[in-house]
Amino acid sequence: MRIERNRKPPRQPEATQISSKMEMDMGMELKSFIKVWVLATTCLSYCYYITARLPKGVVRLLSILPVIYIFIILPTNLTSFNLCGPTAFFLVWLANFKLLLFSFDQGPLSPPPPKLFHFISLACLPIKLKQKTDNDTNPSPHFVPRSLLLAIKTFVLVLLFHIYSYRQFMHPYVILTLYCLHVYLQLELVLVISAIPARALFGFEIEPQFNEPYLATSLQDFWGHRWNLMVTSILRPTVYHPVRQFSKRLIGSTWASLPAIIATFVASGLMHEVMYFYLTRVRPTWEVTWFFILHGICVAIEVALKKVVKDRWQLNRAISGPLAVIFASITAFWLFFPQLTRNKVDEQVIWECSILLNFIKQKVSSCFIS
């Protein structure tokens, strides 16, 4: 606000006015957030009580299509990164893909759980129930308790926000390296926090959402067994397995996994493009799609080479692991982050999280003072 010298200043200081406006905006955003999730819960209740009674196949799919459409529209009512991003991921990606599988009596929603809120939790939360015979993910043994690891990661994430105060003195590649660490830490913590209600209220034993991706031994291990396992678990039955079964008829079982891998990464790239639209509200530039296509091709080449050489030659894990993580980071600089930084999403994230941290700090300070 510009104040002329010969005019009286406003009654409220400028900082107070800005703070009041921010509080008002946050209040409106929270109301929109609540409305979005009330409607989402209502839609999933319809799926549980009505759709589940219909025969599987086209009839059930047609009854679910309006819900899928509503879920695609709902995140557009939110503007905050920390509310819009997770909501879009949970509803547009996880819930819609699970409902598509449910249409044909497949996936985690089939058969429907005995209780409504079990169904809702499984449908839209980033959880996968742990099964004794489930070999999809084989988490590495942890020499440090997982709760302590999460506490350390939370501390590092908070530390990052303090480091961001000095961004103007940093090289752009240093900032992008910090962003890579930030994406991993915040995404894992958001998924863990989102799964807490299902674990606490219903006693679900769930698979970990991440499996320490910095310990990956190869690119295949990074994407298949360590990074965002909720996406992996939903893309396998919806994309990978159908494409692999179809490819078997054309090129045989030996090489059928290769087109399935590439198709899975293409689907992931397109879904990330959708997520980026909710965050930026601009037309897609397809950079993030090419990021995943590139990684899909590289993973397919890795799998093909392993089939050819088998046990005759293998790159040492101490070399292949860091190479995979470095390759993922460098390609992220090139293709994953530009859409976000160009549209100032990174600045919005830092701003929103800084406000949250300051709010928590004020509340903690007031508790000690009182």
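Structure's up top.
Residues numbered from 1 in each chain as written. Predicted model: local features only at pLDDT ≥ 70, side-chain atom pairs only at ≥ 80, totals over all residues. Heavy atoms only, no water.

1. A few points about the overall build of the protein
Scanning the protein from terminus to terminus reveals 13 helices and zero strands. Reading the protein from its N end, one meets helices and strands in the order α-α-α-α-α-α-α-α-α-α-α-α-α. When the 370 residues of the protein are sorted by exposure, 43% land in the buried category. Surface accessibility of the protein: about 21,400 Å² in total, with carbon and sulfur atoms responsible for 67%. (Helix = DSSP H or I, 4+ residues; strand = E, 2+ residues; numbered from the N terminus. Buried < 20%, exposed > 50% of the residue type's maximum accessible area, 1.4 Å probe, protein only. Areas by Shrake-Rupley, 256 points an atom, 1.4 Å probe, with all protein chains shown as cover.)

2. Remarks on the packing of aromatic side chains
Two aromatic rings are characterised by how far apart their centres lie and by the angle between their planes. On inspection of all chains with the given rule, the structure shows 25 aromatic pairs. Judged by centre distance (6.1 Å) and plane angle (55°), the rings of Tyr179 and Phe337 are tilted. Taken together, the residues Tyr179 in helix α6 (residues 172-202) and Phe337 in the loop between α11 (317-336) and α12 (338-342) connect sequence positions 158 residues apart. A cation sits over an aromatic face here: Arg60 above Phe102, 4.8 Å from the ring centre. (Phe/Tyr/Trp six-rings, centres within 6.5 Å; stacked < 30°, edge-to-face > 60°. Lys NZ or Arg CZ within 6 Å of the ring centre and 35° of its normal.)

3. Let's talk about the layout of surface pockets
Approximately 1,100 Å³ is the volume found for the second largest pocket. Looking at the second largest pocket, it is lined by 33 residues, and the ones nearest its centre are Ser80, Asn82, Leu83, Glu352 and Leu356. When contributions to the lining of the second largest pocket are tallied by element, the ones reaching two or more residues are α1 (14-49), α3 (81-103), α5 (146-163), α6 and α13 (345-369). Of the residues forming the lining of the second largest pocket, the biggest block, nine residues, is contributed by α13. When the residues that make up the lining of the second largest pocket are grouped by side-chain class, the tally is 22 nonpolar, eight polar and three charged. (1 Å grid on protein atoms, 1.4 Å probe; cavity = no way out; pocket = protein on both sides within 12 Å on 5 of 7 lines; lining within 4 Å. Points joined across faces, edges and corners; volume = space filled by probe spheres on them. Nonpolar A, V, L, I, M, F, W, Y, C, P; charged D, E, K, R; others polar.)

4. Thoughts on the environment of Phe81
Relative to the helices and strands, Phe81 is located in helix α3. Sequence separation between Phe81 and Glu352 is 271 residues; the distance between their C-alpha atoms is 7.9 Å. Beyond its immediate stretch of four places on either side in the chain, Phe81 contacts Pro86, Gln186, Leu279, Val345, Gln348, Val349 and Glu352. (Contact = heavy atoms within 4.5 Å.)

5. Observations regarding the nonpolar core
Core analysis: the largest hydrophobic core is formed by 93 residues, its most contacted members being Phe71, Trp93, Leu99 and Trp223. Here this core gets 14 residues from one element, more than from any other, and that element is α3. (Core = buried A, V, L, I, M, F, W, Y, C linked by side-chain atoms within 4.5 Å.)

6. Overview of helix α2 (residues 58-73)
Under the 1.5 Å per step criterion, the end-to-end length of α2 is 23 Å for 16 residues, consistent within 8% with the ideal 22 Å. Remark: the principal bend of α2, roughly 35°, maps to Ile64, with a proline, Pro66, within the next four residues. Along α2, the residues classified as buried are Arg60, Ser63, Ile64, Val67, Ile68 and Phe71. (Expected span 1.5 Å × (residues − 1). Bend = angle between axes of the 7 residues up to and from the residue.)

7. Focus: the pattern of salt bridges
One pass over the full model with this rule turns up seven salt bridges. Here Glu287 ties to Arg342 by a salt bridge, and the two come within 2.6 Å at their closest N and O atoms. Of this pair, Glu287 sits in helix α10 (residues 287-309) while Arg342 is found in helix α12, placing the two residues 55 residues apart along the sequence. (Salt bridge = Lys/Arg side-chain N within 4 Å of Asp/Glu carboxyl O.)

8. Here we look at α6
For α6, with 31 residues, the first-to-last C-alpha span of 45 Å sits near the 45 Å given by 1.5 Å per residue. The sharpest bend along α6 comes to roughly 30°, located at Ala195, with the proline Pro197 sitting one to four residues further on. In the stretch just after α6, Gly203 is the one whose phi turns positive, near 70°.

9. Here we look at a nonpolar patch on the surface
A cluster of nonpolar side chains, contributed by Phe246, Leu250, Ile251, Trp255 and Val308, occupies part of the molecular surface with about 500 Å² of accessible area. Of all the elements, helix α8 (residues 229-251) adds the most residues to the nonpolar patch, at three residues. Along the chain, the position of Trp255 falls in the loop between α8 and α9 (257-280). Residue Trp255 is classed as partly exposed on the basis of its relative accessible area, which comes to 34%. (Patch = residues over 30% accessible without salt bridge, like charges linked within 9 Å, V, L, I, M, F, W, Y side chains within 5 Å.)

10. Quick word on the packing of α3 against helix α4 (residues 116-124)
Contact geometry of α3 with α4 gives a least axis separation of 7 Å together with a crossing angle of 115°. Across the interface between the two elements, Phe90, Leu91, Leu94, Ala95, Lys98 and Phe102 from α3 touch Phe119, Leu122, Ala123 and Cys124 from α4. Partitioned by chemical class, the residues of the contact of α3 with α4 number nine nonpolar, no polar and one charged. (Axes fitted to C-alpha atoms, helices over the stretch in contact; angles between N-to-C directions.)

11. Some points on the environment of Ile234
Mapped onto the elements, Ile234 comes out in helix α8. Note: C-alpha distance between Ile234 and Phe97 (137 residues apart in sequence) is 7.0 Å.

12. Focus: the environment of Leu109
Position of Leu109 among the secondary structure elements: in the loop between α3 and α4. Using a relative accessible area of 0% as the deciding quantity, one classes Leu109 as buried. Placed twelve residues apart in sequence, Leu109 and Ser121 show a C-alpha to C-alpha distance of 10.0 Å. If we ignore the near neighbours within four places in the chain, the residues touching Leu109 are Lys98, Leu99, Phe102, Phe119, Leu122 and Ala123.

13. Description of the side chain of Asn228
Positionally, Asn228 belongs in the loop between α7 (219-225) and α8. You can call Asn228 buried: its relative accessible area is 8%. If we ignore the near neighbours within four places in the chain, the residues touching Asn228 are Phe89, Leu187, Leu191, Gln209 and Phe210.

14. Re the packing of α6 against α11
Running from N to C, α6 and α11 point in directions that differ by 115°, and their axes come no closer than 10 Å. Regarding the angle of α6 to α11, the classification is roughly perpendicular. In the packing of α6 onto α11, the handedness of the crossing is right-handed. Contact residues: Tyr173, Leu176, Thr177 and Cys180 in α6; Ser329, Ala332 and Phe333 in α11. Its residues assigned to classes, the contact of α6 with α11 comprises five nonpolar, two polar and no charged. (Parallel < 35°, antiparallel > 145°, perpendicular 65-115°, else oblique. Left-handed = near helix turned anticlockwise from the far one by under 90°.)

Note that every value here comes from positions in space, so none of it alone points to a role or purpose.
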